[in-house]
Amino acid sequence: MKAGYVALVGRPNVGKSTLLNHLIGQKISITSRRPQTTRHRIHGIKTTEAGQAVFVDTPGIHASQKRAMNRYLNRTAGTALLDVDVIVWIVDRPVWLPEDDLVLERIKTSAAPVILVINKVDRLEDKAALLPFLESAQQRHPFAALIPASALRGHNLDALEHKIMELLPEGEPIFDQDQLTDRSLRFLAAEIIREKLIRSLGQEVPHALSVEIEQYQTEGKLTRIAALIWVEREGQKAIVIGQQGEVLKKVGERARQDLERLTEGKVFLQLWVKVKENWSDDERALRSLGYAE
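An account of the accompanying structure is given in this report. (Residues numbered from 1 in each chain as written. Predicted model: local features only at pLDDT ≥ 70, side-chain atom pairs only at ≥ 80, totals over all residues. Heavy atoms only, no water.)

Section: the pattern of salt bridges
To be explicit about the condition: Salt bridge, as applied in this entry: a Lys or Arg side-chain nitrogen positioned within 4 Å of an Asp or Glu carboxyl oxygen. In this description a helix means any DSSP run of H or I spanning at least four residues, a strand means any run of E spanning at least two, and both kinds are numbered starting from the N terminus. Note on exposure labels: buried denotes an accessible area under 20% of the residue type's maximum, exposed denotes more than 50%, and partly exposed covers the range between, all computed with a 1.4 Å probe on protein chains only.
The final tally for this structure, using the stated rule, is 18 salt bridges. Residue Asp-92 pairs with Lys-120 through a salt bridge whose shortest N-O separation is 3.3 Å. One end of the pair, Asp-92, is in strand S4 (residues 86–92); the other, Lys-120, is in the loop between strand S5 (114–119) and helix H4 (130–140), and 28 residues separate them in sequence. The class for Asp-92 is buried, based on a relative accessible area of 11%. The residue Lys-196 makes a salt bridge to Glu-195 at a minimum N-O spacing of 3.0 Å. Classification of Lys-196 by relative accessible area gives buried; the value is 10%. Members of the salt-bridge network, linked through shared partners, are Lys-27, Glu-195, Lys-196, Arg-199, Asp-258 and Arg-261.

Quick look at the structure:
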């Protein structure tokens, strides 16, 4: 029996959360086209006859350290590399950016074997571009494996899982065999609401959003959820609410549908929007909103 922790790392927007969801077979981590959608370290657990892999989804490692939120995200991603058994480093097609060098610096501090996943290869027009990239990557680091894949399409994920299990140490399962994540339904509810907000809004507002669950109460097959949406400015509050409340209504409806699938019951969802000025650059405010490693 194999068992251990597998860190999923990479720069922002390379498909780490999409990969986690496909490996687990259920949506554990929210996704969007916006960079830095993932803000927390999330464990996704996959148990098979061969063993148990505990995948650790992390925020994208990036160069900016200007705001407290940026520093928190980088710390969270960096600490995920401590005490893991395998590292899966995801890059976006055969493209190497300066932020990939930042990831490489962090990876070199770990003794864990590293698998390099070249994601989104289904979007490559010229597959021949892969070979020189793979040769160049192998010169940068002694990878345990280099695996072209598509997290979205599920391409070559069997090969990735096989290699991960091969590299994991022998051991007993860390979590119960039917457990899929270490996160609570309350946490997942906040993330689902935030995902719908990110997908419904423009470029700037998503980075100024946070969701706090004030009430999570289950009564048989009915779950009552009350959530506060925090923004940094009054103008952002108006955008989130929308004309005659249309944006907030649409977000609430989409979130409720996902929450009902998650809870397998009816959900009564209430949303409010409040302003907490400059919360994403305030260490104390971040801690109060649950951003702590």
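Observations regarding the packing of helix H6 (residues 185–200) against helix H8 (residues 246–263)
The cut-off we apply is this: For helices, the fitted axis covers only the stretch in contact; all axes are lines through C-alpha atoms, and the angles between them, taken along N-to-C directions, range from 0 to 180 degrees. We call a crossing left-handed when the near helix sits turned anticlockwise from the far one by less than a right angle, and right-handed when that turn is clockwise. We call two residues contacting when some pair of their heavy atoms lies within 4.5 Å. Think of it as three bins: nonpolar holds Ala, Val, Leu, Ile, Met, Phe, Trp, Tyr, Cys and Pro, charged holds Asp, Glu, Lys and Arg, and polar takes everything else, Gly as well.
It is at 9 Å that the axes of H6 and H8 come closest, and there the two elements cross at 145°. At the point where H6 passes H8, the crossing takes the right-handed sense. Judged by residue contacts, Leu-185, Leu-188, Ala-189, Ile-192, Ile-193, Glu-195, Lys-196, Leu-197 and Ser-200 of H6 engage Lys-250, Val-251, Arg-254, Ala-255, Asp-258, Leu-259 and Leu-262 from H8. For the contact of H6 with H8, the per-class residue count stands at 10 nonpolar, 1 polar and 5 charged.

Considering the environment of Glu-99
Mapped onto the elements, Glu-99 comes out in helix H3 (residues 98–107). Among the residues examined, Glu-99 registers a relative accessible area of 24% and is labelled partly exposed. Measuring from C-alpha to C-alpha, the distance between Glu-99 and Pro-12 comes to 8.7 Å, with 87 residues separating the pair along the chain.

Considering the layout of surface pockets
The test is simple: Computed over the protein atoms alone on a 1 Å grid, cavities are sets of points where a 1.4 Å probe fits but cannot get out and pockets are open sets with protein on both sides within 12 Å along at least five of seven lines; a residue lines them when it has an atom within 4 Å of a point. Grid points are joined across faces, edges and corners, and a volume is the space filled by probe spheres set on the points.
The calculated volume of the largest pocket comes to roughly 700 Å³. Surrounding the largest pocket, 31 residues form its lining, Asn-13, Thr-18, Thr-31, Ser-32 and Arg-33 being those nearest its centre. When contributions to the lining of the largest pocket are tallied by element, the ones reaching two or more residues are helix H1 (16–24) and H6. Across the lining of the largest pocket, the residue classes break down as 9 nonpolar, 14 polar and 8 charged.

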